[in-house]
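Structural overview
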Amino acid sequence: MTMVCAGMLLFAAACMASGGKVTYPDGKPVVGAVVYVHLQEVNKYTLATDATGRFTLPDEDFLDAFVQIKAPDGKEFATVNLPVEVFQAGDVAVVLQPVQ
């Protein structure tokens, strides 16, 4: 499984719930970003970021899952693919980067 993380920034901080926050490069939250949780090549959950750009993962023990984040409204930003463990460890901020 190839993980594509080109051009994105990650910042980890302590948090009670598994999940993360998605922002644009200017720091504005990405409202309505589509967050997929894929488990064994199957889309198990589809979530969306809220008004603050945050999403919360379902409380489930994922083994080989990964999280894919896409910008809303067809905007030209790179899709982010990360192992679900990154988000279970704490609150992670993902900054979407424009496609060059």
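Definitions and limits used
- Residues numbered from 1 in each chain as written.
- Predicted model: local features only at pLDDT ≥ 70, side-chain atom pairs only at ≥ 80, totals over all residues.
- Heavy atoms only, no water.
- Helix = DSSP H or I, 4+ residues; strand = E, 2+ residues; numbered from the N terminus.
- Buried < 20%, exposed > 50% of the residue type's maximum accessible area, 1.4 Å probe, protein only.
- Contact = heavy atoms within 4.5 Å.
- Areas by Shrake-Rupley, 256 points an atom, 1.4 Å probe, with all protein chains shown as cover.
- Pairing = 2+ DSSP bridges.
- Axes fitted to C-alpha atoms, helices over the stretch in contact; angles between N-to-C directions.
- Polar contact = N/O pair within 3.5 Å; in protein donor to acceptor, adjacent residues only side chain to side chain.
- Core = buried A, V, L, I, M, F, W, Y, C linked by side-chain atoms within 4.5 Å.
- pLDDT = per-residue confidence, 0-100.

A separate point is the overall build of the chain. When you go through the chain residue by residue, the secondary structure sums to one helix and eight strands. Beginning at the N terminus, the succession of helices and strands in the chain can be written as β-β-β-β-β-β-β-α-β. Looking at the chain residue by residue over its 100 residues, the buried ones come to 36%. At a minimum sequence separation of 6, the contacts of the chain that also span at least 24 residues come to 58%. Element-wise, carbon and sulfur atoms account for 55% of the exposed surface of the chain, whose accessible area totals about 5800 Å².

Here the focus is the sheet that holds strand E6 (residues 66-70). Strand order in this open sheet of four strands is E4-E3-E6-E7, and the pairing throughout is antiparallel. Edge positions in the sheet fall to strand E4 (42-48) and strand E7 (80-83), since each has one partner strand and no second. Each adjacent strand pair in this sheet contributes to an overall mean axis angle of 20°, direction not counted.

On to the environment of tyrosine 45, then. Looking at the element boundaries, tyrosine 45 is found in strand E4. Between the C-alpha atoms of tyrosine 45 and valine 35, which are ten residues apart in sequence, the distance is 8.2 Å.

Residue placement: threonine 49 occurs in the loop between E4 and strand E5 (54-56). Among the polar contacts made by the side chain of threonine 49, one reaches the main-chain carbonyl oxygen of valine 30 at a distance of 2.5 Å. Of the polar contacts made by the side chain of threonine 49, one reaches the backbone nitrogen of glycine 32; its length is 2.9 Å. With near-sequence residues (within four places) excluded, threonine 49 lies in contact with Val22, Val30, Val31, Gly32, Ala33, Val35, Arg54 and Phe55.

Here we take up the pairing of E4. Examined bridge by bridge, strand E3 (residues 34-39) and E4 share six bridges and lie antiparallel to one another. Following the sheet pairing, valine 37 is matched in E4 by tyrosine 45. Once E3 ends, the chain turns through two residues before running back antiparallel as E4, passing glutamine 40 with a positive phi of about 50°.

This paragraph deals with the nonpolar core. Of all hydrophobic cores here, the largest spans 21 residues; its most connected members are Phe55, Leu57, Val67, Ile69, Phe87, Val94 and Leu96. Only E3, E6, E7, helix H1 (84-88) and strand E8 (91-95) provide two or more residues apiece to this core. No other element matches the three residues that E3 contributes to this core.

Per-residue pLDDT for the chain averages 78, and the proportion of residues at 70 or more is 79%. Summarising per-element confidence for the chain, the mean pLDDT is lowest in strand E1 (residues 9-13) (33) and highest in strand E2 (residues 19-23) (93). The low-confidence segment residues 1-16 (pLDDT under 50) makes 32 contacts with residues lying over four places distant or belonging to another chain.

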